[in-house]
Amino acid sequence: MINMIPIILDNHTFLAISVRLPKTNLLAVASENGYIMCGALDVGLLNEKLRDRKILAGRATGVKSIEELLEAPLESVTWEAVEKGIHPGMIGKEALIKMI
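Remember, it's a predicted structure, so these values are computed and weren't measured experimentally. (Residues numbered from 1 in each chain as written. Predicted model: local features only at pLDDT ≥ 70, side-chain atom pairs only at ≥ 80, totals over all residues. Heavy atoms only, no water.)

Q: Hey, could you go over the overall build of the protein chain for me, with residue numbers and the actual values?
A: Each helix and strand in the protein chain was counted, giving four helices and six strands. Its helices and strands taken in sequence order, the protein chain reads β-β-β-β-α-β-α-β-α-α from the N to the C terminus. A globule of 100 residues ought to have a C-alpha radius of gyration of about 13 Å, and the protein chain, at 12 Å, matches this closely. When the backbone C-alpha atoms are referred to their principal axes, the protein chain occupies close to 30 × 30 × 20 Å. Considering the protein chain as a whole, with its 100 residues, one finds that 41% of them fall into the buried category. Here the contacts in the protein chain between residues at least 6 apart in sequence split such that 34% fall between residues at least 24 apart. Of the roughly 6100 Å² of accessible surface on the protein chain, a fraction of 53% belongs to carbon and sulfur atoms. Side-chain charges of the protein chain comprise 11 positive and 12 negative groups, with the mean position of each set lying 5 Å from the other. (Helix = DSSP H or I, 4+ residues; strand = E, 2+ residues; numbered from the N terminus. Rg over C-alpha atoms; globule rule 2.2 N^0.38 Å. Buried < 20%, exposed > 50% of the residue type's maximum accessible area, 1.4 Å probe, protein only. Contact = heavy atoms within 4.5 Å. Areas by Shrake-Rupley, 256 points an atom, 1.4 Å probe, with all protein chains shown as cover. Lys, Arg positive; Asp, Glu negative; His and termini not counted. Charge placed at Lys NZ, Arg CZ, Asp CG, Glu CD.)

Spelled out as structure tokens, the structure:
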């Protein structure tokens, strides 16, 4: 099952997406410019193989819901995210605001 709902942070709307899969869930919250995602996100792939796309993204591990993803510290971020002032350890919702 796929669920998409709007999330409002600091008067900005983001899209929260959850995909239920056998034995796991994929979780993401996106702005128009970037996104945060659960541990399924391969930041290394984005930084190395897809570097030319300049993807703005962050990864939080161990999260089981959109609410947890928003409150969790990011475990890793893309190089493009670093250029926007986003860093590992930053809370998910704080990183999303910087992606506006």
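Q: Give a detailed account of unusual backbone geometry, specifying residues and quantitative values.
A: Positive phi, normally seen in glycine, also occurs at D10, with a value near 50 degrees. Within the secondary structure, D10 is located in the loop between strand 1 (2-9) and strand 2 (12-21). A positive phi angle is found at N11, which is not glycine, with a value near 65 degrees. Tracing the chain through its elements places N11 in the loop between strand 1 and strand 2.

Q: Lay out the side chain of S18 with the relevant residues and their values.
A: Counting through the fold element by element, S18 comes out in strand 2. For S18, a relative accessible area of 19% puts it in the buried group. Ignoring anything within four residues of it in the chain, the contact list for S18 reads M1, I2, N3, L26 and L27.

Q: Break down the nonpolar core for me, with residues and values.
A: Of all hydrophobic cores here, the largest spans 31 residues; its most connected members are V29, I36, L70, I86 and L96. If you list the elements that add at least two residues to this core, you get strand 1, strand 2, strand 3 (24-30), strand 4 (34-37), helix 1 (43-48), strand 5 (56-59), helix 2 (66-71) and helix 4 (92-98). Each residue touching L96, except ones within four places of it in the same chain, is listed here: L9, F14, V29, I36 and L70. (Core = buried A, V, L, I, M, F, W, Y, C linked by side-chain atoms within 4.5 Å.)

Q: Could you give an account of the environment of E75, with specific residues and numbers?
A: Tracing the sequence through the fold places E75 in the loop between helix 2 and strand 6 (76-77). On a C-alpha basis, the gap between E75 and I8 in space is 23 Å, while along the polypeptide they are 67 residues apart.

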